[in-house]
Amino acid sequence: MSNGKRSYFLITTTCFGIAFLYIPMLMLIIYSFNESRIVPVWGGFSTKWYGVLFESEEIWEALTLSFKIATVNACFATVLGTLAGLALVRFGRFKGRTLFNGMISAPLVMPEVITGLSLLLLFITLKEFIGWPDQRGFTTITIAHITFSMAYVAVIIQSRLSGMAQDLEEAAQDLGAKPLRVLIDITLPLLAPGMVAGWLLAFTLSLDDLVIASFVTGPGAVTLPILIYSRVRLGLRPDINALATIIILVVAIGVLIAAWIMFRQQRQRELELKMTSEEV
Amino acid sequence: MNDVAETTEVVQSGLGQRILRSLQTNWKRLIILVPFLWLLIFFLAPFFIVTKISVSEAVIQSPPFTPMIAWAEDGAMQIRLVFDNFAYLWDDPLYAKTYLNSVMIAGFSTILCLLLGYPMAYAIVRSSHTAKHILLMLVILPFWTSFLLRVYAWMGLLADQGTINNLLIALGIIDQPIQMLYTTFAVYVGIVYTYVPFMILPLYANMEKLDWTLLEAAADLGARPMTTFLTITLPMTLPGIIAGSLLVFIPATGEYVIPDLLGGGNVLMIGRILYNEFNANVDWPVASAVAIALLVVLVVPMMLYQHFQSKADGAT
């Protein structure tokens, strides 16, 4: 009886929460089809802002740069984050483990302004002493993004590794495989889904970052968030609404596909496990 | 194993063989070393540089600060430490007020996130298998879309000519638009909106592992729902509450985009001051001192987070 009352409260809160999360995005999408230049005043249905958007060369350049940075970042961050996750979960105690653990989890909560400022000052100091990086832009933004994205990848890999049964690895070792073989042939393939998830997360984090990129960028290197920010700072713009609509749709479709693939893989693995255990 | 032996045969030169052999024996060290060095150079070293610059003087040159180590004319090394920047922060009441304001806004937003996120996480955990997947996806999806655009969405809703004001005027509730954009209220809305998934997900992860039969046992033994909640549910979910709260509080304290776009010039937050000090005033030593002071404010919650995180890792 009290259970029914409580779940009524829970349902209301959850509905409110979901509405709170989605209504602003929905309004963003609706007003992207607004004829009027003044965003919140409805002037009839129109797709003209999408045309304005596609004709803008600036947007295309920023988008290309952001995609390049995000791709390179995601690859490096996945490798480094996976190595870090392996080291922390599977290698027991080693010298400097506490420091390592601290450095890998700190970027998750470090305010972006601090990370951005400190990396910029590092790049400037490096340039003074070794002449590199020659100019700031693609390389410096990518390095900055790798540094915080690898922390997120490491968290995913760590949770996968600690939740993974070690019996396959132990079996391979019992059959005489050397530890490096076991790592390459057994552990890494088992980690593959986690690495894919980590890659996608690193890619998105990079595409999304404004603050750190604005600190470490140089003249001429304008990423998509930097461009969007410089425009919306001055007020509402219907072409940004159109851009937002495209981004939201792409992400929604991407997440749905990824969720579906993962769901299927998980079910398949469960089936296989069931079959093997029945055979045994 | 075979192909390793083959490669070893192929590599004829002594050097190549030695490298390969050392790789085979030292691969573990290599796995640790590569990410470790990366973090040392690009994460830890920068903090020392910020600390160093925070005790330098601002000068008009490039880079705009004095070197800490200088060579005197007789060749003796001089180390110059200038604590003026910290004294400046200390003396100017604006900074103290801004730090306090940032912590208060972040703290109150964390409580709001908890009030909204806790029942939602609870509802997700207790819902059926399919509903659980759908709800979780609905919570995660905004996290993958652009943070900046989600903040921008609120500009359209809260503006004087914005959707909410237009709606309220059309309904006849108000005659004049209420100013919501560029107020502290807008900053709260923005922070809760963008950070609530960070509260829900750790809470969900924590609640999912709980033994719910305890609740049934308590109910069977005659405990009231409120008693059960206070004596069983709340203590058991405390690790999730702490993790979620820290994940919201720490980044929110240093938030820059939300106070800038939604708070305008009316809301003082430290992230904005730091950014402006650096970009508009080009005073790097003061910006560095602001960063160090912010780090000092956040070091306790950050260490708490680390502590609970490693405890959670140890438990699994």
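Cut-offs used in this document
Residues numbered from 1 in each chain as written. Chains lettered and ligands numbered in written order. Predicted model: local features only at pLDDT ≥ 70, side-chain atom pairs only at ≥ 80, totals over all residues. Helix = DSSP H or I, 4+ residues; strand = E, 2+ residues; numbered from the N terminus. Rg over C-alpha atoms; globule rule 2.2 N^0.38 Å. Buried ≥ 20, exposed ≤ 12 C-beta atoms within 10 Å, placed from the backbone. Expected span 1.5 Å × (residues − 1). Bend = angle between axes of the 7 residues up to and from the residue. Core = buried A, V, L, I, M, F, W, Y, C linked by C-beta atoms within 7 Å. Domains from an automatic or database assignment. Contact = placed C-beta atoms within 7 Å. Nonpolar A, V, L, I, M, F, W, Y, C, P; charged D, E, K, R; others polar. Axes fitted to C-alpha atoms, helices over the stretch in contact; angles between N-to-C directions. Parallel < 35°, antiparallel > 145°, perpendicular 65-115°, else oblique. Left-handed = near helix turned anticlockwise from the far one by under 90°.

**Q** Please explain the overall build of chain A as it appears in this structure.
**A** Looking only at helices and strands, one finds eleven helices and zero strands in chain A. Mapped in sequence order, the helices and strands of chain A form the string α-α-α-α-α-α-α-α-α-α-α. In terms of overall dimensions, chain A is more spread out than a globule: its C-alpha atoms have a radius of gyration of 24 Å, far above the 19 Å expected for 280 residues. Relative to its 280 residues, chain A shows a buried fraction of 40%.

**Q** Can you help me understand helix H2 (residues 14-54) of chain B in this one?
**A** The α-helix advances 3.6 residues per turn, and as a result positions three or four apart in sequence lie on the same side. Look at H2 of chain B: only 51 Å from first C-alpha to last across 41 residues, short of the 60 Å you get at 1.5 Å a residue. At Asn 26 of chain B, H2 of chain B shows its maximal kink, close to 75°.

**Q** What is the right way to read the nonpolar core from this model?
**A** Burial of nonpolar side chains together is a common tendency in soluble globular proteins. Counting residues in each nonpolar core, the largest one holds 150 residues, and the members touching the most others are Leu 117 of chain A together with Tyr 152, Trp 154, Leu 274 and Val 290 of chain B. For this core, the leading source of residues is helix H8 (residues 184-208) of chain B, giving 14 residues. Residue assignment places this core across two domains, with domain 1 (2-54) and domain 2 (84-315) of chain B each supplying three or more.

**Q** How do you make sense of the interface of chain A and chain B when you look at a structure like this?
**A** It is common to give the size of an interface as the accessible area that goes away when the parts come together. The partner chain B presents 74 residues to the 72 residues of chain A that form the contact. Among the elements of the structure, helix H1 (2-32), helix H3 (57-90), helix H4 (97-109), helix H5 (112-130), helix H6 (138-163), helix H8 (179-208), helix H10 (224-232) and helix H11 (238-279) of chain A are those that each provide at least two residues to the side of chain A that touches chain B. Sort the elements by how many residues they give to the side of chain A that touches chain B and H1 of chain A lands first, with 16 residues. Looking at the side of chain A that touches chain B residue by residue, the classes come out as 53 nonpolar, 14 polar and five charged.

**Q** For this particular structure, what's the right way to read the packing of H3 of chain A against H6 of chain A?
**A** All names here are of chain A. Running from N to C, H3 and H6 cross one another at 40°; their axes reach a closest spacing of 5 Å. With respect to each other, H3 and H6 are oriented oblique. Considering the relative orientation of H3 and H6, their crossing is right-handed. Residue classes in the contact of H3 with H6 are distributed as 17 nonpolar, ten polar and two charged.

**Q** Even after reading the chapter, I still don't get the environment of Gly 43 of chain A, so can you show me in this structure?
**A** Tracing the chain through its elements places Gly 43 of chain A in the loop between H1 and helix H2 (48-55). In this view, Gly 43 of chain A contacts Asn 34, Glu 35 and Ser 36 of chain A; residues no more than four positions away in its chain are not counted.

**Q** Honestly, the domain arrangement of chain B in this entry has me stumped. Any pointers?
**A** All names here are of chain B. When cut into domains, chain B gives domain 1 (2-54) and domain 2 (84-315). One C-alpha centre belongs to domain 1, the other to domain 2, and the line joining them spans 40 Å. Each partner contributes to the interface: domain 1 provides four residues, whereas domain 2 provides seven residues. The residue makeup of the side of domain 1 that touches domain 2, split by class, is two nonpolar, two polar and no charged.

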